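Descriptive structure summary
The primary structure of each chain is shown beneath.
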Amino acid sequence: MSDRLISWLRTVVPGLWAALVAWLVTLGVPAYVTDALDGAGALVVVPIVLGVVYPILRAAEARLPDWLTRVLLGSTRPPTYRMDNPPAT
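A few points on the structure. (Residues numbered from 1 in each chain as written. Predicted model: local features only at pLDDT ≥ 70, side-chain atom pairs only at ≥ 80, totals over all residues. Heavy atoms only, no water.)

1. Details of the overall build of the protein chain
- In terms of helices and strands, the protein chain carries four helices and zero strands.
- Beginning at the N terminus, the succession of helices and strands in the protein chain can be written as α-α-α-α.
- Residues classed as buried in the protein chain amount to 21% of the 89 residues present.
- Long-range contacts, defined as pairs at least 24 residues apart, comprise 74% of the intrachain contacts of the protein chain with a sequence gap of at least 6.
- Accessible area for the protein chain stands at about 6,500 Å²; split by element, carbon and sulfur atoms hold 68% of it. (Helix = DSSP H or I, 4+ residues; strand = E, 2+ residues; numbered from the N terminus. Buried < 20%, exposed > 50% of the residue type's maximum accessible area, 1.4 Å probe, protein only. Contact = heavy atoms within 4.5 Å. Areas by Shrake-Rupley, 256 points an atom, 1.4 Å probe, with all protein chains shown as cover.)

2. Side note on the pattern of salt bridges
- Overall, the coordinates contain three salt bridges when judged by the stated rule.
- Across the pair Arg77 and Asp3 runs a salt bridge whose closest N-O atoms are separated by 3.1 Å. Placement of the pair is Arg77 in the segment after α4 (66–73) and Asp3 in helix α1 (residues 3–28), with a sequence separation of 74 residues.
- Overall, the relative accessible area of 26% leaves Asp3 in the partly exposed class.
- Measuring nitrogen to oxygen at the nearest pair gives 3.0 Å for the salt bridge that ties Arg10 to Glu61. (Salt bridge = Lys/Arg side-chain N within 4 Å of Asp/Glu carboxyl O.)

3. With respect to the environment of Leu72
- Checked against the element boundaries, Leu72 lands in helix α4.
- With a relative accessible area of 17%, Leu72 lands in the buried category.
- For the pair Leu72 and Gly15, spaced 57 residues apart in sequence, the C-alpha separation works out to 9.8 Å.
- Discounting chain neighbours no more than four positions away, the residues touching Leu72 are Val13, Pro14, Trp17, Leu57 and Leu64.

4. Remarks on the nonpolar core
- Counting seven residues, the largest nonpolar core consists of Ala18, Ala22, Val49, Val53, Leu57, Leu72 and Leu73.
- The leading source of residues in this core is helix α3 (residues 41–60), at three residues.
- For Ala18, the residues in contact, after removing those within four places along its chain, are Val46, Val49 and Leu50. (Core = buried A, V, L, I, M, F, W, Y, C linked by side-chain atoms within 4.5 Å.)

Spatial relationships are all this shows, so hold off on functional conclusions.
In structure tokens form, the structure reads like this:
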């Protein structure tokens, strides 16, 4: 698998998990809160949940079995980035 695909997966898959968690959270939020946000609840909650979920997944990654890492992060190995033209100092 190419590093580009791995980096895409490791960006998108945690985002999908965050969206799922945010959706589940909005199911339990009282109507007066969601009405006050005027439909922007998911737009506000998803980035917040992603900001919480992603660092937790990355911190737990070393202790997770490979299959669970694939499910939660999309790949068991992080992409490698090479620098063809390093910046001049």
